[in-house]
Amino acid sequence: MSEIAITLLERISKGDEMAMKEFFEVNSNVVYRYVLSRENNEVLASEILNEVMLEVWKKPLAFEGRSALSTWLISIARFKVIDYYRAQKRHYSDELDDQMEDEGVEDAPIHLLDNERHAGFISHCMEQLSVSHREVVHLTFFEELPYPEIAQALTCSVGTVKSRMFHAKEKLKQCVARISRGEINYEFN
Amino acid sequence: MNSTNHHYNLPWLVNGRLHDEEKESLESALDESQELRDEKEYLSAMHQTIKNQALPAAPVEMGWSRLKRDIHQQKKVKRTDGWRVATIAASFLVVVQAAIITLPMVQQDMTLTPLSSQSIELSTLTVKFSSTATEAEIQALLLENNLQIIEGPSAIGLYVLSSNAAGRSEAYMVLSSQRIIEHVQMD
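Residues numbered from 1 in each chain as written. Chains lettered and ligands numbered in written order. Predicted model: local features only at pLDDT ≥ 70, side-chain atom pairs only at ≥ 80, totals over all residues. Heavy atoms only, no water.

1. Let's talk about the pattern of salt bridges
Under the definition given, this model contains 17 salt bridges over all chains. A salt bridge links Glu64 of chain A to Arg66 of chain A; the nearest nitrogen and oxygen atoms lie 2.2 Å apart. With a relative accessible area of 52%, Glu64 of chain A lands in the exposed category. Via salt bridges that share partners, Lys169, Glu170 and Lys173 of chain A together with Glu39 of chain B belong to a single interconnected network. (Salt bridge = Lys/Arg side-chain N within 4 Å of Asp/Glu carboxyl O. Buried < 20%, exposed > 50% of the residue type's maximum accessible area, 1.4 Å probe, protein only.)

The structure is reproduced here in structure tokens:
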């Protein structure tokens, strides 16, 4: 994977637009879906995707193959999102919710996750998480990255990644439990 | 490894990306703990649910058209920048040549004595021209204010201009307000 990517990036460094097109086609989903999972905004996800790929076009050799390609791209995307918030003069906080206590462990209603109908519960509950929790869950369960890679992409410690994942999972559990008890209004589409 | 660590590592056992050593340790702990097994089952269900989510795909066709347009714009800007740099470099070369020609004359006698026998004292100002300044703009400014380049550019692009002592403050004020001057100081 890395070797193919490095070959493509070398061609891009020589101004090969076809190589850039190939790179874009193969890697755009990772960037787009990462931003979408964080921000839940398709327009912003498209903007950031364009910014990230333009950065790749300008500095293709910045990727040294020391991490997975997806980790590199996600890390660029994350900085672009931060830049976007800075430009909008809006506050961006990565540490949000890191210190927040969970409201208490509740019974894990595993049966709620066993079919398509209840998959909607998880999507709904994911949206209730803070950005920093949501992105860790996305990178762990959707992109299936190992935790050191996630720490690298998010420029934080592995301890922070594990802690965020743990608390995110607890919050998801609580949310699903509340839906099952009818405490949260949720309608299945 | 303690129980908290096992709980913290479970998501990566579930996604299959745990390091071998941690994996072995966690699997041993799983054999002994029903609580951990329940947690693993829950996380596995969550993993499958999230993995199977129908997240929208990136708009590849539209995205590539846009990126291609931006790449072409970049190339255009790069070419324009190249010409601009070349023009500025050529301008500076002309200015430096002029300075080399005039410098020996000025340096021979910094206090010029006109035929009227009154002496004119020369003083100097140090300036830095902005990178967008053209040769024509620089020449016009120097001529208008009766200034001459007597030294420069230095490694950081500074020029020393000569001015007669009487008009130095006035020249300083004029230069300070010029768009093509980044920095000016009276020596």
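Next, the rest of the story.
2. Quick notes on the packing of aromatic side chains
In the structure shown here, the tally under the stated rule is six aromatic pairs over all chains. Aromatic side chains Phe24 of chain A and Trp64 of chain B sit 6.2 Å apart centroid to centroid with 50° between the ring planes, which places their arrangement in the tilted category. Linking Phe24 of chain A in helix H2 (residues 17–39) with Trp64 of chain B in helix H4 (residues 60–108), this pair reaches from one chain into another. Residue Trp64 of chain B is classed as buried on the basis of its relative accessible area of 10%. Taken together, a centroid distance of 4.9 Å and an interplanar angle of 25° make the contact between Phe166 of chain A and Tyr8 of chain B stacked. Of the two residues, Phe166 of chain A sits in helix H8 (residues 158–180) while Tyr8 of chain B sits in helix H1 (residues 3–14), which places them in two different chains. One cation-aromatic arrangement involves Arg78 of chain A over Phe79 of chain A; the distance from NZ or CZ to the ring centre is 5.9 Å. The residue whose ring lies beneath Lys173 of chain A is Tyr42 of chain B, and the NZ or CZ to ring-centre distance is 5.5 Å. (Phe/Tyr/Trp six-rings, centres within 6.5 Å; stacked < 30°, edge-to-face > 60°. Helix = DSSP H or I, 4+ residues; strand = E, 2+ residues; numbered from the N terminus. Lys NZ or Arg CZ within 6 Å of the ring centre and 35° of its normal.)

3. Some remarks on the side chain of Ser37 of chain A
Residues and elements named next belong to chain A. With respect to the element layout, Ser37 can be found in helix H2. The class for Ser37 is buried, based on a relative accessible area of 11%. Beyond its immediate chain neighbours, meaning those up to four positions away, Ser37 contacts Arg134 and His138. (Contact = heavy atoms within 4.5 Å.)

4. Regarding the interface of chain A and chain B
With 49 residues of chain A at the interface, the matching set in chain B holds 38 residues. Across the interface of chain A and chain B, roughly 4100 Å² is buried in total on both sides, 66% from carbon and sulfur atoms. Taken together, the links from chain A to chain B amount to five salt bridges. Between Glu47 of chain A and Arg66 of chain B there is a salt bridge, with its nearest N and O atoms 3.0 Å apart. At the junction of chain A with chain B, the criterion picks out 17 residue pairs in polar contact (both at pLDDT 80 or more). Elements represented by at least two residues in the side of chain A that touches chain B include exactly H2, helix H3 (42–58), helix H5 (116–128), helix H6 (131–142), helix H7 (147–154) and H8 of chain A. Looking at the side of chain A that touches chain B element by element, the count peaks at 11 residues for H8 of chain A. Broken down by class, the residue content of the side of chain A that touches chain B amounts to 27 nonpolar, 10 polar and 12 charged. (Buried area = accessible area lost by both parts, 1.4 Å probe. Polar contact = N/O pair within 3.5 Å; in protein donor to acceptor, adjacent residues only side chain to side chain. Nonpolar A, V, L, I, M, F, W, Y, C, P; charged D, E, K, R; others polar.)

Coordinates in, geometry out; function isn't part of it.
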